[in-house]
Amino acid sequence: KTKGIKMNNTTTVKNRPQNKTRDMVYISFFAIVIAIGSWISIPTMIPFTLQTFAVFITVGILGGKRGAAAVSLYILLGVVGIPVFAGFKGGIGVLLGNTGGYILGFLLTVLVMWGIEKLFGKKTVTLLFSMILGLIVCYAFGTAWFITVYMRTSGNIGVMTVLSWCVIPFILPDLVKIALAILVSKRVSRYTKIEN
């Protein structure tokens, strides 16, 4: 019995470096997926990207912990100047600009989803709720950031004006992205079987 326990412990220890390597690959891959999503612009009356969709499937597939790492890596790549943001932009200036709060808000979205995942698991209904709540948090933080930066550089601006520019036109597309993200996440998760 003792030998069996030692063998199991040894196997676990040996698997740890493999698991870490696998996690790094997953995290790096999905950081790239988010970048690709930000580059893809859907030409509607008000063009939108697949950035939020990519964030949602990242957490839906990887879970909160690895999802947060992937989003953090994505933002870090943008900060150092790699053009991973929408419009093939990069640099700290993008984050410090009017709409930078919506990018930083993605990290808050992931943290909200991670917290709900910890409390209630990854059932479809729970995932749907966490995505909607995470999106609302992102909207709120991004809008507050926009108003703060705009008032410092250009003067007063109303909340409804910012919402009409940056939030209201994107609500319906974002809800569609959530529905698609849940569908994709559930199907892909069957094959990846990533343990949280």
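Now for a quick tour of the structure. From a predicted model like this one, the values you see are computed outputs, not experimental measurements. (Residues numbered from 1 in each chain as written. Predicted model: local features only at pLDDT ≥ 70, side-chain atom pairs only at ≥ 80, totals over all residues. Heavy atoms only, no water.)

## Describing the overall build of the protein chain
Link 1 in the chain: The helix and strand inventory of the protein chain stands at 8 helices and 2 strands.
Link 2 in the chain: For the protein chain, the succession of helices and strands along the chain, N to C, is α-β-β-α-α-α-α-α-α-α.
Link 3 in the chain: The proportion of buried residues among the 196 residues of the protein chain is 38%.
Link 4 in the chain: Accessible surface, the protein chain: about 11300 Å² in total, of which carbon and sulfur atoms supply 70%. (Helix = DSSP H or I, 4+ residues; strand = E, 2+ residues; numbered from the N terminus. Buried < 20%, exposed > 50% of the residue type's maximum accessible area, 1.4 Å probe, protein only. Areas by Shrake-Rupley, 256 points an atom, 1.4 Å probe, with all protein chains shown as cover.)

## A closer look at the packing of aromatic side chains
Two numbers describe a pair of aromatic rings. These are the distance of the centres and the angle of the planes.
Link 1 in the chain: Taken as a whole and assessed by the stated rule, the structure comprises 7 aromatic pairs.
Link 2 in the chain: Consider the rings of tyrosine 74 and phenylalanine 85, whose centres lie 5.6 Å apart with planes at 80°: the pair is edge-to-face. Here tyrosine 74, found in helix H3 (residues 64-79), pairs with phenylalanine 85, found in the loop between H3 and helix H4 (92-96); they are 11 residues apart in sequence, far enough to count as distant.
Link 3 in the chain: Tyrosine 74 sits in the buried class, given a relative accessible area of 1%.
Link 4 in the chain: Here tyrosine 150 and tryptophan 165 contribute two aromatic rings whose centre-to-centre distance is 6.3 Å and whose plane-to-plane angle is 65°, an arrangement assigned as edge-to-face. In this pair, tyrosine 150 is assigned in helix H6 (residues 124-153) and tryptophan 165 in helix H7 (residues 159-166), connecting sequence segments 15 residues apart.
Link 5 in the chain: An aromatic cluster is defined as three or more aromatic residues linked by ring pairs; in this entry it consists of Phe146, Tyr150 and Trp165. (Phe/Tyr/Trp six-rings, centres within 6.5 Å; stacked < 30°, edge-to-face > 60°.)

## Digging into unusual backbone geometry
Link 1 in the chain: With a phi angle near 55°, phenylalanine 88 is a residue other than glycine that sits in the positive phi range.
Link 2 in the chain: Mapped onto the fold, phenylalanine 88 is located in the loop between H3 and H4.
Link 3 in the chain: A residue is classified by how much of its surface remains accessible, and phenylalanine 88, at 54% relative accessible area, is exposed.

## Quick look at a nonpolar patch on the surface
Link 1 in the chain: Side chains of Leu128, Phe129, Ile132, Leu133, Ile136, Met160, Ile168, Ile171 and Leu175 sit close together on the surface and give an oily, nonpolar patch of about 780 Å² of accessible area.
Link 2 in the chain: At the level of elements, H6 and helix H8 (171-192) are the ones that each hand at least two residues to the nonpolar patch.
Link 3 in the chain: The biggest single contributor to the nonpolar patch is H6, with 5 residues.
Link 4 in the chain: Positionally, leucine 133 belongs in helix H6.
Link 5 in the chain: On the accessibility criterion, leucine 133 (31% relative accessible area) is partly exposed. (Patch = residues over 30% accessible without salt bridge, like charges linked within 9 Å, V, L, I, M, F, W, Y side chains within 5 Å. Salt bridge = Lys/Arg side-chain N within 4 Å of Asp/Glu carboxyl O.)

## Here we look at the side chain of serine 130
Link 1 in the chain: Tracing the backbone through its elements, the reader meets serine 130 in helix H6.
Link 2 in the chain: Dropping the residues within four chain positions of it, serine 130 is found in contact with Val112, Met113 and Ile116. (Contact = heavy atoms within 4.5 Å.)

## Here's the deal with the nonpolar core
Link 1 in the chain: Core analysis: the largest hydrophobic core is formed by 42 residues, its most contacted members being Phe56, Val71, Tyr74, Phe85, Met131 and Val162.
Link 2 in the chain: Among the secondary structure elements, those contributing two or more residues to this core are helix H1 (2-39), helix H2 (51-62), H3, H4, helix H5 (100-120), H6, H7 and H8.
Link 3 in the chain: The biggest single contributor to this core is H2, with 8 residues.
Link 4 in the chain: The contacts of methionine 131, once residues within four sequence positions are left out, are Phe56, Met113, Ile178, Ala181 and Ile182. (Core = buried A, V, L, I, M, F, W, Y, C linked by side-chain atoms within 4.5 Å.)

## Considerations on the pattern of salt bridges
Link 1 in the chain: With the rule as written, the count across this model stands at 3 salt bridges.
Link 2 in the chain: Between arginine 22 and aspartate 23 there is a salt bridge whose closest N-O contact spans 3.5 Å.
Link 3 in the chain: Take arginine 22: its relative accessible area is 31%, and that puts it in the partly exposed class.
Link 4 in the chain: Taken together, the shared-partner salt bridges in this structure form one network comprising Arg22, Asp23 and Arg66.

## Comments concerning H2
Owing to its 3.6 residues per turn, the α-helix brings residues three or four apart onto one side.
Link 1 in the chain: The first and last C-alpha atoms of H2 sit 16 Å apart over 12 residues, in line with the 16 Å expected at 1.5 Å per residue.
Link 2 in the chain: Buried residues dominate H2, accounting for 12 of its 12 residues.
Link 3 in the chain: Among all positions in H2, only Gln51, Thr52, Phe53, Ala54, Val55, Phe56, Ile57, Thr58, Val59, Gly60, Ile61 and Leu62 are buried.
Link 4 in the chain: Glycine 63, located one to two residues past H2, shows a positive phi value of around 90°. (Expected span 1.5 Å × (residues − 1).)

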